[in-house]
Amino acid sequence: MDMFSSTARLRHWPKDQIVRGIYQMSEKRPTVSPRFQKELQVHLSRRSSVDSNDNLNTSVVETHTVASGRSVPNVNKIQNRIKEILSKYKNGVWMSKIAQIYEEAYTEELSTTVLRQLEHWPHVCSVEKVCTGDQTYGIVYPAKIVPPAVKSDTEQDKAFQNVTPSKVDPVLKTSTETESASCSSDFKQNVVNILVKYPSGLWADALPKLYQDAYQQKFPEGILNNLQLLSDICVVDFVSNAPQKAILYVKTQSCTDENLNVTAKVRIPDGAKATAEQQHESKEQYPESISSVPPLIIPSEGPVSVLVIEVNDTNELIIRYVGKDYSGAQEQMEDKMKAYYSKNSTVSQITFPSVGQHVVVHTEEAWLRAQIISVEDKKLKVYYVDHGFSEVIESNRTYKLHKQFCSVPFQVTKCKLAGLEAFHDDPLLVKAVESQTYCKIFAVEILERSDIPLFVLYDTSGEDDININATCLKALYDKSFELNLQTDTLYTGVTVTSILSDGNLYCQLPSEGLSRLSKVLQKIEDYLLQKETSEFNVSQPFCGKICLFLCKGKWTRVEITIIHSRRALGVRFIDTGRVAYVKVSDLREIPSQFLREVIKIPPQAIKCCLADLPPDTGMWTPEAVLWLRDHVMDYPEFSMRVVKQDGSKGIAHVYLFAPEDVSNIDRSINRRIINADLWKHQKDVFLSVAPTGASSTKVTGDAALQLNQGRSEKRDSLEPRGAESSTDMPPPLPLTEVGGFMDVYVSVACHPGHFIVQPWKEMHNLEGLMEEMILYYSMAEERPVNIGTNKLYAAKIENRWYRVVVKEILRKGFLSVYMLDYGKHEVISMHKLQPLLDKFRKLPFQAVKAQLAGVKSQQWSEEASIIFRHRVEKRPLVAQIQAINESTNSWDRKIVTYLVDTSLPYADVWIHDFVSESLAELSEAD
C-alpha cells in the first residue's frame, strides 16, 4: 500500500545506512576504508594498462574462463587429442616431447600451462616422475595404463625399453638407474624428518627432490608407485586414481611405535605434537570444490546500496553490495581470516596451485579470498572474488581456503542499468557511466530481481537525489541539436510552453533540433497507426524512463519523475517543461527502431526567467503567476532578448515582447507585470478567523476579485459550473457492531489512548480515490478558494492530494489541516488548497479515531508510547470494537477497541496484554 514516489522513498533512506560497512561517505564522494586502499590502488593503477583479458566480469571465475569472458582453447578438445597421441605410445612418452608431437599432429602449439596440468587429469593420462641428479623428468602414460612398480634397475629399464630411442633425452640414456627400493629404518627416519616440516601435508611426487636435496641420495622411485610401504610412518591421502597423486601426513610417535616393523624405531621430533587427524587438513577443512560457498542473494529488505567496481558494459556493471550482511559480514570474515592465517600460515600454504582453485592471498594489509586465473612458473594471476580486481603475485603468497571462510558469499556480482539496455555498449554511454559511478556508492531501486538484476542508481550524497541512469543517458545527445543561446541576441518565433509557480518559464525556439524532433515524432505516429498501440504499453515504469504520451492528438516525449501508485505517475514533458500526473496506461514505449533517434535529440525547451524585476518583489504571488499565464500562454509567438545566462542554475534571464512590441522595453512583458498591481504581499496575517457564526473567511475582497477577473473564457470552460465544493458530506464509515471483529490498518499511533485505524477492506477504494485526485488536480488550473474553518478541501501535501478539513487559520498564510483519510495533522500554505469536488466526496472518510480497550486510561509516559507505537503503527491488525462514541462531525467520532495481532504462527497477541506487560516491566526497571 506504499504510495510514496520512488524518489521520495530514497530521500527517507538514512544516509548512515547507505554508507555503513567498509566504505564511508565523505561529502559527495565515498572513500574506501584504509585497510583496502592498497588493494584498490593496485586496481586503479593497472586499469589503463591491463589488457581487456585481465578485466573479469564475473564474481566466480570458471576454471577455464579468462577475465574478459572469452574462453581459453577448448579443454575437452585438447584432452581428446592427448588421448589420441598416448594411444600410439602405450608404454609412455616423455613429457618434454608431448608438445612437439602435438604440434606435428595438429599444427597447433601446446602451452606449458597445459603440460603442467597433465598430472591433474587422471581420466586422460598418468604422469610418472623420474629423477636424475638434480633434474626431474616425467613420462606420460595413457589413463588405463598404470606405470609398473619399479623394484630394480632391470625392471626400471624394461619400463622404458619400448620408447623410441630418438625421442629419449640424451641425459636419460646414460642415467636410468635407480636405487633399491629399500625401506630401512634410516630411510624412513629421513622421510619422517622431511614430513614433519610440512604439517599441512606434502605431495608425494615432491618427496624425491626434497629427499635428494636433504641427504644427497637418490630417492627409490619404486616407493612412489607403492606408497603403502610408507603407511607405517605417514598417512597417505590419495586424491585421484594416479598412484603418485597423494598427500603425505606424518604420524605421531604413538602411531609409529605400534606399526613400524623395523629394528630401530623412527623418532618423531618434539615439534610434531599434533595427531595425524589434526595435522591432516582434509577436504572437509580445505574443500577443493567451493560448492559450499552460498550464492550471493539480492537484499530483500531495507534500503539497498552498492559500490560500483567496474564499468565495461551497462548490462554487466560489476558491483558489490554495501551493508551489514554483505560488506560488513565480509569485513568481519577477513578479520577472522587475518587472525587464523597469521597463526597457521605454514599449515595452510599451497604447494601446487592450479587454475580455477580458490585460495586465500596474503597482502600487506589483509588476507583476501581469490581465485587463480593463470599459473606461470612461480607467478600467479589471481582475481579477488570479494573486491573485483585481479593481480599478479608470487605463488608463495597463496594459502588454502579453509571451510570456515566459505560461509560468506563471494561479494562481487553484476547488475544492469534500466533505460540504457539498447545502448549498453555504446562508448559514449559507457564512458559517462564510468565517470559518474566508478568506485562510488549509490542507493539502488531494484526493478527486476534476476541473475543480473535491473537497477536504477541514485546519488543521495547531496541535497537532491540524482538519478544516475537518466543523467548518463544525456551523453547520447547530439550536440548539433542543442539550443545555445547568445547574450544580447533577439530571437523571434518564441513560444512560451510552461510557467512554474515561482515565475520561471520554459520557452521553445525555432531550431534544427525542434524540426528534427517533429519529423521523428511524425514517423512514430505513422508507425503506431499501423500497429495495435496496446502492444507498446509501458509495463515497467521507473523514474528517468523516457516514454511517449499523446497530448492534443500528437505524440510527445515525457520523462517519468515520480511513481505515485500502480496507475498514476508524474511526468515531465521534455520539450515543453510542463509537469503533470498521468495514467500509466496512457504511456507508450518508443518503438525500438526509433529509440536512438529520439534519445539523441536534447530537450527543446529552455528554462528562463524575466530579467530586471525589482528585488523587492520577492517571492511571486499567486496573482502574479496567474497574470503571467493569462498574458503569455497559448499565444502563438513572442520575441525574446537574452540579457544574461546563469550556467550554474541552467536558466536564462530574458525580456519577452509581444509581436507588436518588439524591442520596446516599456511594452515588454517584464515592465507590464511590474506595473500591474500584483505584488502586494500580505503583512503578518493575510487571513483572519471569521466572526462566530460566519460561514467562511475570505482571502481578501480585492485579491479574490482580481483572481476571478483574470480568467479567460477558455480557462473558465475547463471547469464545469457544478465543480465548486458543495456542502455535501460523505456518508459515515460503516463499522462492525459492538463486540464484532473487523480488519483494520493502524495508520497513526500516538499512545494507547489515541491512535487511528482504517478499514482494511476499503484500502483499495482509498487508493483509487487518491489516484483520481492526483490525476485531476495536477491537470486542472488553480482556482481561487474561500477558506474557512471546519470546511472540506483538497490539499496538496508532499506532491499528493488529500481530503482535508481546515482546523485552524494560522499566521503568515499557513493553515492547520486534518487529513480525513489518514488521521494526521499538517501545517500547509493556503496556496496548497483547492475545492473538493463532489465526485471526491462519495467515499466515506477512512480515518477513525480509536482508544485501546482493556487498559486503564492514564497519562501515558514517553517510553510506553514508543513501545505501543512500534508494536502497532503501520501494521494490519484485527479490531474488536467495544464502544462507539458518535460526534456531530464524522471525523470526530471515536471507538474503544481491542487490537489483536494474528500474524504470528504460534499464537494471537492481544495488544492490551502486551501493553500491560510492558508497563509492568517499566515499573520494575524504575
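Everything numeric here is computed off the predicted structure, so don't read it as measured data.

Reading guide: rules and limits
Residues numbered from 1 in each chain as written. Predicted model: local features only at pLDDT ≥ 70, side-chain atom pairs only at ≥ 80, totals over all residues. Heavy atoms only, no water. Helix = DSSP H or I, 4+ residues; strand = E, 2+ residues; numbered from the N terminus. Buried < 20%, exposed > 50% of the residue type's maximum accessible area, 1.4 Å probe, protein only. Contact = heavy atoms within 4.5 Å. Areas by Shrake-Rupley, 256 points an atom, 1.4 Å probe, with all protein chains shown as cover. Pairing = 2+ DSSP bridges. Core = buried A, V, L, I, M, F, W, Y, C linked by side-chain atoms within 4.5 Å. Axes fitted to C-alpha atoms, helices over the stretch in contact; angles between N-to-C directions. Salt bridge = Lys/Arg side-chain N within 4 Å of Asp/Glu carboxyl O. Parallel < 35°, antiparallel > 145°, perpendicular 65-115°, else oblique. Nonpolar A, V, L, I, M, F, W, Y, C, P; charged D, E, K, R; others polar. Phe/Tyr/Trp six-rings, centres within 6.5 Å; stacked < 30°, edge-to-face > 60°. Lys NZ or Arg CZ within 6 Å of the ring centre and 35° of its normal. pLDDT = per-residue confidence, 0-100. Arc of directions from axis to C-beta. Left-handed = near helix turned anticlockwise from the far one by under 90°.

### Description of the overall build of the protein chain
Argument step 1. Check the secondary structure of the protein chain and you find 25 helices and 40 strands.
Argument step 2. Counting every position in the protein chain, which comprises 926 residues, the buried fraction comes to 50%.
Argument step 3. Look at the contacts in the protein chain between residues 6 or more apart in sequence, and 65% of them connect residues 24 or more apart.
Argument step 4. Surface accessibility of the protein chain: about 45200 Å² in total, with carbon and sulfur atoms responsible for 49%.

### Considering the pairing of strand 24 (residues 568-573)
In regular strands, side chains alternate between the two faces of the sheet.
Argument step 1. The element strand 24 is extensively covered by neighbouring structure, given that 5 of its 6 residues are classed as buried.
Argument step 2. Direction of pairing for strand 23 (residues 554-563) relative to strand 24: antiparallel, over a ladder of 5 bridges. Looking at the pairing, Val558 lines up with Phe573 of strand 24.
Argument step 3. From the end of strand 23 to the start of strand 24, which pair antiparallel, there are 4 residues.
Argument step 4. Two strands pair when backbone bridges link them, and strand 24 and strand 25 (residues 579-583) are joined in this way by 5 bridges, in the antiparallel orientation. The residue of strand 25 that forms the bridge with Gly570 is Tyr581.
Argument step 5. The hairpin formed by strand 24 and strand 25 contains 5 residues between the paired strands, and Gly577 there has a positive phi angle of roughly 80 degrees.

### Regarding the nonpolar core
Argument step 1. Judged by nonpolar contacts, the single largest core of 43 residues is most densely connected at Leu317, Leu457 and Ile524.
Argument step 2. The biggest single contributor to this core is helix 17 (residues 512-529), with 6 residues.
Argument step 3. Beyond its immediate stretch of four places on either side in the chain, Leu317 contacts Val308, Glu310, Val311, Thr413, Lys414, Cys415, Leu417, Val433 and Leu457.
Argument step 4. One finds Tyr777, Val785, Ile797 and Ile828 within the second-largest nonpolar core, a separate group that totals 36 residues.

### Topic: the sheet that holds strand 24
Argument step 1. Ordered by their spatial adjacency, 5 strands build an open sheet running 25-24-23-22-26, and the pairing between neighbours is antiparallel. Strand pairing shows two members of the sheet lacking a second neighbour, strand 25 and strand 26 (587-588), which therefore form its edges.
Argument step 2. Here helix 23 (residues 763-779) sits on the sheet in contact with strand 24 and strand 25, set at roughly 145 degrees to strand 25.

### Regarding unusual backbone geometry
Argument step 1. Unlike most non-glycine residues, Asp377 shows phi in positive territory, near 55 degrees.
Argument step 2. Exposure remark for Asp377: the relative accessible area of 61% places this residue in the exposed category.

### Looking at the pattern of salt bridges
Argument step 1. Across all of its chains, the model carries 20 salt bridges by this definition.
Argument step 2. Measuring nitrogen to oxygen at the nearest pair gives 2.7 Å for the salt bridge that ties Glu559 to Arg572. You can see Glu559 sitting in strand 23 and its partner Arg572 sitting in strand 24, a full 13 residues away along the chain.
Argument step 3. Under the relative-accessibility criterion, Glu559 is labelled buried at 15%.
Argument step 4. For Arg572, a relative accessible area of 25% gives the class partly exposed.
Argument step 5. We note a salt bridge from Arg893 to Glu886, for which the minimum N-O separation is 3.7 Å.
Argument step 6. In this structure, a network of salt bridges that share partners links the residues Arg516, Lys523 and Glu597.

### With respect to the packing of helix 4 (residues 75-87) against helix 5 (residues 95-106)
Argument step 1. Put simply, helix 4 and helix 5 touch, their axes get as near as 11 Å, and they point 100 degrees apart. Overall, the two elements helix 4 and helix 5 adopt an arrangement that is roughly perpendicular. Across from Ile78, Arg81, Glu84, Ile85 and Leu86 in helix 4, the residues of helix 5 making contact are Ile98, Ile101, Tyr102 and Tyr106.
Argument step 2. The residue makeup of the contact of helix 4 with helix 5, split by class, is 7 nonpolar, no polar and 2 charged.

### Quick notes on the side chain of Thr897
Argument step 1. The residue Thr897 is located in strand 39 (residues 894-901) in this model.
Argument step 2. For Thr897, the residues in contact, after removing those within four places along its chain, are Phe755, Ala850, Gln851, Leu852, Ala853, Ala879, Gln880, Ile881 and Gln882.

### What about the packing of aromatic side chains?
Argument step 1. Following the criterion strictly, the structure yields 28 aromatic pairs and no others.
Argument step 2. Plain terms: the ring middles of Tyr655 and Phe657 are 6.4 Å apart, the flat faces sit at 20 degrees to each other, and that makes the pair stacked.
Argument step 3. On the accessibility criterion, Tyr655 (6% relative accessible area) is buried.
Argument step 4. Relative to Phe840, the ring of Tyr776 has its centre 5.9 Å away and its plane inclined at 65 degrees; by these criteria the two rings are edge-to-face. With Tyr776 in helix 23 and Phe840 in the loop between strand 36 (833-835) and strand 37 (848-852), the pair connects residues that are 64 residues apart, well separated along the chain.
Argument step 5. Among the aromatic residues, those joined into a ring-pair cluster are Tyr340, Tyr341, Trp367, Tyr399 and Phe405.
Argument step 6. Sitting above the plane of the Phe914 ring, Arg871 keeps its charged end 5.4 Å from the centroid.

### Remarks on the confidence of the model for the protein chain
Argument step 1. Residues at a pLDDT of 70 or more form 76% of the protein chain, whose mean pLDDT is 76.
Argument step 2. Of all the helices and strands in the protein chain, helix 21 (residues 701-709) carries the lowest mean pLDDT, 30, while helix 16 (residues 468-473) carries the highest, 96.
Argument step 3. Confidence drops under a pLDDT of 50 for residues 1-72, and excluding neighbours within four residues, the segment shows 156 contacts in the predicted structure.
Argument step 4. Taken as a whole, residues 682-726 scores under 50 in pLDDT and shows 69 contacts with residues more than four places along the chain or in a different chain.

### What to know about helix 24 (residues 862-872)
Argument step 1. Burial in helix 24 covers these residues: Ala864, Ser865, Phe868, Arg871 and Val872. For helix 24, the angular spread of the buried residues around the axis is 135 degrees, confining them to a single face. Turned more than 90 degrees away from the buried face of helix 24 sit Glu862 and His870, all of them exposed.
Argument step 2. Of the residues flanking the end of helix 24, it is Lys874, one or two places downstream, whose phi is positive at about 65 degrees.

### Some remarks on the packing of helix 17 against helix 18 (residues 592-599)
Argument step 1. Where helix 17 contacts helix 18, the two axes come as close as 10 Å, and the packing angle between them is 165 degrees. Here helix 17 lies roughly antiparallel to helix 18, going by the angle between them. Once helix 17 is placed against helix 18, the crossing between them reads as left-handed. Listed contacts from helix 18 to Arg516, Val520, Lys523, Ile524 and Tyr527 of helix 17 are Gln593, Phe594, Glu597 and Val598.
Argument step 2. Grouping the constituent residues of the contact of helix 17 with helix 18 by class yields 5 nonpolar, 1 polar and 3 charged.

### A short note on the sheet that holds strand 20 (residues 490-499)
Strands belonging to one sheet form pairs held by backbone hydrogen bonds; the direction of such a pair is parallel or antiparallel.
Argument step 1. Strand order in the closed barrel made by the 5 strands is 20-21-27-29-28, with mixed pairing throughout. If you compare each strand with its neighbour and ignore which way they point, the axes differ by 55 degrees on average.
Argument step 2. The pairing of strand 27 (residues 606-610) with strand 29 (residues 651-657) spans 3 bridges and is classified as parallel. Residue pairing across strands places Cys608 opposite Ala652, the latter belonging to strand 29.
Argument step 3. Together, strand 20, strand 27 and strand 28 (638-646) form the strand contacts of helix 19 (residues 622-632), whose direction differs from that of strand 20 by roughly 130 degrees.

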